[in-house]
Amino acid sequence: MSGVDLGMPTFPDAARQAVRDAQLRHNLGRATSTIRNKRAAVVDELDDWEQLRASGAAIKAHTLSRLDTYLERFEAAVTAAGGTVHWARDAAEANRIVTELVRETGETEAVKVKSMATQEIGLNEALASAGISAWETDLAELIVQLDEDRPSHILVPAIHRNRSEIREIFRREMAGSGTPAPADLTDDPVQLAEAARHHLREKFLRANVAISGANFAVAETGSLVVVESEGNGRMCLTMPDNLISVVGIEKLVPSWRDLEVFLQLLPRSSTGERMNPYTSVLSGVTEGDGPSNFHVVLLDNGRSEALADEVGSQALRCIRCSACLNVCPVYERAGGHAYGSVYPGPIGAVLTPQLYGVESEDTASLPYASTLCGACYDVCPVAIEIPELLVHLRNRTTRERKGWFDRLTGTAMRGLGWVFGDSKRLGRAQRIASLGGRLFGRRGIGRLPWPMSRWTDARDAPAPAPESFRQWWERNRTGSGDER
Amino acid sequence: MRVALFATCLGDTLFPGAVRATLRVLERLGCTVEFPPGQTCCGQMHTNTGYHEQAVPAVRSFVAAFEGYDHVVAPSGSCVGSIRHQHDIVAERGGDRKLSEAVGRVSPHVYELSEFLVDVLGVTDVGAYFPHRVTYHPTCHSLRMLRVGDKPRRLLSEVRGIRLLELPEAEQCCGFGGTFALKNPDVSVAMGADKTRHVRETGAEVLCASDSSCLMHMGGLLDRQREGIRTMHLAEILAGTEEDR
Ligand code: SF4
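Computed from a predicted model, the values in this text were never measured in an experiment. (Residues numbered from 1 in each chain as written. Chains lettered and ligands numbered in written order. Predicted model: local features only at pLDDT ≥ 70, side-chain atom pairs only at ≥ 80, totals over all residues. Heavy atoms only, no water.)

> Account for the packing of aromatic side chains, with residues named and values stated.
Applying the stated rule across the entire model yields 14 aromatic pairs over all chains. Ring centres 4.8 Å apart and planes at 55° place the aromatic pair Phe 11 of chain A and Tyr 339 of chain A in the tilted group. Of the two residues, Phe 11 of chain A is situated in helix α1 (residues 11-20) and Tyr 339 of chain A in the loop between α15 (329-334) and α16 (345-356); the sequence distance between them amounts to 328 residues. With respect to burial, Phe 11 of chain A and Tyr 339 of chain A carry one shared label: buried. Each member of the aromatic cluster is reached from another via a ring pair, and the members are Phe 469, Trp 472 and Trp 473 of chain A together with Phe 35 of chain B. (Phe/Tyr/Trp six-rings, centres within 6.5 Å; stacked < 30°, edge-to-face > 60°. Helix = DSSP H or I, 4+ residues; strand = E, 2+ residues; numbered from the N terminus. Buried < 20%, exposed > 50% of the residue type's maximum accessible area, 1.4 Å probe, protein only.)

In structure tokens form, the structure reads like this:
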């Protein structure tokens, strides 16, 4: 999957637009701070949170280190339970398999449970081009789909929208794809939810195919676990006769004992709840209960390549809780769309470049979309060292990219590195700088030309000191002068 | 106690006042301070921008200058963070086993100022006097890389005459982020604007932090806003005494 140009603007360009959008910043600031505080409160309740977190990290790391074994175990268990497992190397292959499976049922529509994997591969679009309508049934996903928008958050895809914007979308778009919104719809959350419920109910009752992802896949029993808050997932997993689940290969956990750890970590980290309102487990086919035709598509799509990178593979531990997004000060200002991928925020900045490579400008700009403040690591329930990973991927970027600007920066960095390699060279550079400092006096510098204008457009810059510490020390402490 | 002072390239060149203040505090507490002249830079800017190979000379010069000292003190949380958590990565990338070993010997002896004062010297009252309204921003690398916790605040709270004011959302990043400030100036400034708004809300005359780099960013914004709020390094507040009046 490497080398794919997502065709998006680079992060700094996209973020510039987002920062200027006052409404967006307001929506995001409110939503992230609410969910951030909720998370902090329920995490603080547990004395053993850090142990849980360490277990979560260890279980995932172990599973990833023997992924082949667990995948085979999972396949055998699913098959024994009456399901069918398919293997998809990349997005195109996964889309082809799912399209074919839907076609075999003779249906032209499907209901969907919110799933990052199907978004990653662009399944809805692929199905649409094959004449199959896939309806999102998660409330926020529905909002995004109706508006033909893109999700901007892993957990709350419409986090960039407020209530009155949502009402407008419902009023404008619902009629085009089913039950219309009531004419007197207000922006009261109860009314909005009711409108969505009516709109979706019609689809649930009609659908004979469901498409889902999975939060976890338990190898020992071949079970898929889907957690959610609205009950739409439960409907999708139990009502239609056909179920197709697209599951990233990193979703595996060895056993139910391991699952227990994650069922504690995930809700507290993601929605700030102690337990998920709905936890659905599907273990193959049961006569007269749930789908009779059950398929799992195991998706690689760049994952095994990421797995081969000793540092980078940490990112595959991710359980998509989105806690790192909610605490990220950069995400809060730039919004999810700026990351140009279905995976925004800190996890997106380390996952997207690994799944798609750093050949294109946009993916290469992602590891730099962070101040390395470390807030993401502190909240990550599986202790992914995101700052370390960002720096690691920056290094990969500087080694792999060979454009003129990259070469220019590389040369400058080498030059500076050479100066820093020897105190005599640094001392000479400082003497030149301090001449400049005497020129400016101790006032700040107001405006500088490009590229330093990127600093001085909004910030004064300090003038170099008229005397460096080194010069002062030589003058006062090495016998050549008196201390002032 | 014999202490080697690491000025950091930024402190040495742009903010020598903070380094002289560090020297003053250490000497007042009875340390014998040396300035190893071979020192240059920790290499953090290179490393964090992804130029690990180009950071090797800086790491090499660092260990050469500081090898053998039991205590190396620097007035910067982020430089000390880089030394402790990144020098081994850089040395390994450089493929120099000797350098890796030297890094392993030197790094554990390097302390950020507040760590050294509280953990090694065991003091929180350094005999300072500073009769002003101050708010403290805990910089990210001190907080989340070094985990210095409330050490800087404990030092400040013992300063005579000081009025410490609580900074709202103190633990949020100021938006500096090294080359981030240049690569993503819009987000950097947006974060800094929120930070300086919180600083203004406190009514402080002085914004204090333990990293000259973050102070350069926040100070640059405050100066542009013409708010009359000064920035000072922790060492500069700890250095002042009643006799200075
Ligand atoms: S990286 Fe960690 S915090 Fe972020 S979404 Fe994944 S599991 Fe959650």
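There's plenty left to go through after this.
> A description of the UniProt feature "domain: Cysteine-rich" (unreviewed entry) in chain B should follow, citing residues and the corresponding values.
All names here are of chain B. As annotated by UniProt and renumbered to match this structure, "domain: Cysteine-rich" (unreviewed entry) occupies residues 3-83 and 134-218. Secondary structure over residues 3-83 splits into 57% helix and 11% strand, and the C-alpha atoms at its two ends are 17 Å apart. Regarding residues 134-218, the helix share stands at 49% and the strand share at 12%, and the terminal C-alpha atoms are separated by 15 Å. (UniProt positions renumbered as here; feature names shortened; annotations may be inferred.)

> Tell me about a nonpolar patch on the surface, and name the residues and values.
Together, Trp 404, Phe 405, Leu 408 and Trp 450 of chain A give the surface a local cluster of nonpolar side chains, amounting to about 550 Å² of exposed area. You can see Trp 404 of chain A is positioned in helix α20 (residues 404-420). (Patch = residues over 30% accessible without salt bridge, like charges linked within 9 Å, V, L, I, M, F, W, Y side chains within 5 Å. Areas by Shrake-Rupley, 256 points an atom, 1.4 Å probe, with all protein chains shown as cover. Salt bridge = Lys/Arg side-chain N within 4 Å of Asp/Glu carboxyl O.)

> Which residues make up the domain arrangement of chain B, and what values go with them?
Residue and element names in this part refer to chain B. As assigned here, chain B comprises domain 1 (2-120) and domain 2 (133-244). Placing the centre of domain 1 and that of domain 2 at their C-alpha centroids yields a distance of 22 Å. Listed as interface residues are 29 residues of domain 1 and, on the opposing side, 24 residues of domain 2. Of the roughly 2,100 Å² buried between domain 1 and domain 2, counting both surfaces, carbon and sulfur atoms make up 66%. Ranking the residues of domain 1 by area buried against domain 2 places Arg 24, Ser 114 and Val 118 at the top, with a combined share of 19%. Counting across the domain 1 and domain 2 interface gives 2 salt bridges. Run the count over domain 1 and domain 2 and you get 10 residue pairs in polar contact (both at pLDDT 80 or more). Contributing elements (two or more residues each) for the side of domain 1 that touches domain 2: α2 (16-28), α3 (44-49), α5 (77-93) and α7 (113-120). At 7 residues, the largest contribution of residues to the side of domain 1 that touches domain 2 is made by α2. Classifying every residue of the side of domain 1 that touches domain 2 gives 12 nonpolar, 11 polar and 6 charged. (Domains from an automatic or database assignment. Contact = heavy atoms within 4.5 Å. Buried area = accessible area lost by both parts, 1.4 Å probe. Polar contact = N/O pair within 3.5 Å; in protein donor to acceptor, adjacent residues only side chain to side chain. Nonpolar A, V, L, I, M, F, W, Y, C, P; charged D, E, K, R; others polar.)

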